[in-house]
Amino acid sequence: MTGPDDTGRAAGNGAPPHFGPGSNSAVLLRRLELTVRHRLDGLLQGDHLGLVPGSGSEAGDSRTYHPGDDVRRMDWPVTARTQVPHVRETIADRELETWVVLDLSASLDFGTADCEKRDLAIAGLAAVSHLTVRGGNRLGAVVTTGERVDRYPATPGRLAADRMLRSVVATPRAGAGRRGDLAAALESLRRPPRRRGLVVVVSDFLGSDVRGSDAQGTADWERPLRGLSARHDLLAIEVVDPRELELADVGLLTVVDPETGQTLEVPTGNAEVRRRFAEGAAAQRREIAAALRRAGAGHLRLQTDRDWLADVVRYVADRRRAGSGGASR
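Rules and cut-offs
Residues numbered from 1 in each chain as written. Predicted model: local features only at pLDDT ≥ 70, side-chain atom pairs only at ≥ 80, totals over all residues. Heavy atoms only, no water. Salt bridge = Lys/Arg side-chain N within 4 Å of Asp/Glu carboxyl O. Helix = DSSP H or I, 4+ residues; strand = E, 2+ residues; numbered from the N terminus. Buried < 20%, exposed > 50% of the residue type's maximum accessible area, 1.4 Å probe, protein only. Arc of directions from axis to C-beta. Polar contact = N/O pair within 3.5 Å; in protein donor to acceptor, adjacent residues only side chain to side chain.

> I'd like a description of the pattern of salt bridges, backed by residues and values.
Counted according to the given criterion, the structure contains 24 salt bridges. Where Arg73 meets Asp233, a salt bridge forms, and the shortest distance between an N and an O atom there is 3.6 Å. With a gap of 160 residues between them, Arg73 in the loop between strand E1 (58-64) and helix H2 (76-82) and Asp233 in strand E7 (residues 233-240) connect regions that are remote in the sequence. Arg275 is the partner of Glu272 in a salt bridge, and the nearest nitrogen-oxygen pair spans 2.4 Å. Taken together, the positions of Glu272 and Arg275, both in helix H7 (residues 271-294) and 3 residues apart, correspond to about one turn of that helix. What makes Arg275 partly exposed here is its relative accessible area of 38%.

Here is the structure:
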């Protein structure tokens, strides 16, 4: 992985700070806050409509359906009366309660490009915090590593959000061979039921095996995610490293699964092995995307080799266009 320079920032273009052992987390969080504020403040004009926090829960007027609109908001009585598809607009809530489920399991302690996936997940939490904590809105979090689960109650204010970020950065890394449990963290938000709002899940969505999936091959986190969608708007932030998508030709490579401790030697010099790996990885990511769609979640992918804030800005801009009647890509 590319190492950080003397500012604590990885040496790549657009990478978040590296919160490694011995780093000054207070300085790095301040630097991250300034970067996020500079890039995102221009998107915070107007109410919640079309932004990451969702469009609210109070019913408003109807309008003509546009491709990309949420079919769950179809206004069937107006559609039947006019013979033209209509959707029911919603009025943004004055106060929003946002819960973030942050996966910091061992599979996130990995990165071969500009940062670790863990750094990118924390940066995603910082962006969500900046986009939602204003005007009395509350932000809470459930942080899971596989060894421990930390819960931070939903509280209003920037100072409370900053304290939570500092605590999250200080979360100890999970030991080798400890499997994460994203499904349990999601389930903890369902019982007891919480106030309607936004749930953001930041994870690589990996780690499910046959034992953690149902007979149809559904990931173990999909069922609780679907349960949350009945009450909340959902946003899934998928954190990916390029080496999880394709292998480089580096000869015989020894790899270790951080959540099981299993070791495997991979002959990356074999073109057929690289091809099969890329095909399998692509199929895995397609299934993750399909599971998120089935759960009704918005899907934002952040990669360790890309400008992550540019991807956040693009996603938020698309949501705003969709909320104003345009199509979202």
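> Got a sec to walk through helix H6 (residues 222-229)? Specific residues and values, please.
Buried residues of H6: Glu222, Pro224, Leu225, Leu228 and Ser229, and no others. Looking down the long axis of H6, one finds its buried residues gathered within 165 degrees of arc, a one-sided arrangement.

> Go over the side chain of Asn137 with me, naming the residues and quoting the values.
Relative to the helices and strands, Asn137 is located in the loop between helix H3 (117-132) and strand E4 (138-144). Within the structure, Asn137 has its side chain in polar contact with the backbone oxygen of Thr132 (distance 2.7 Å).

These values are about where atoms sit, not about what they do.
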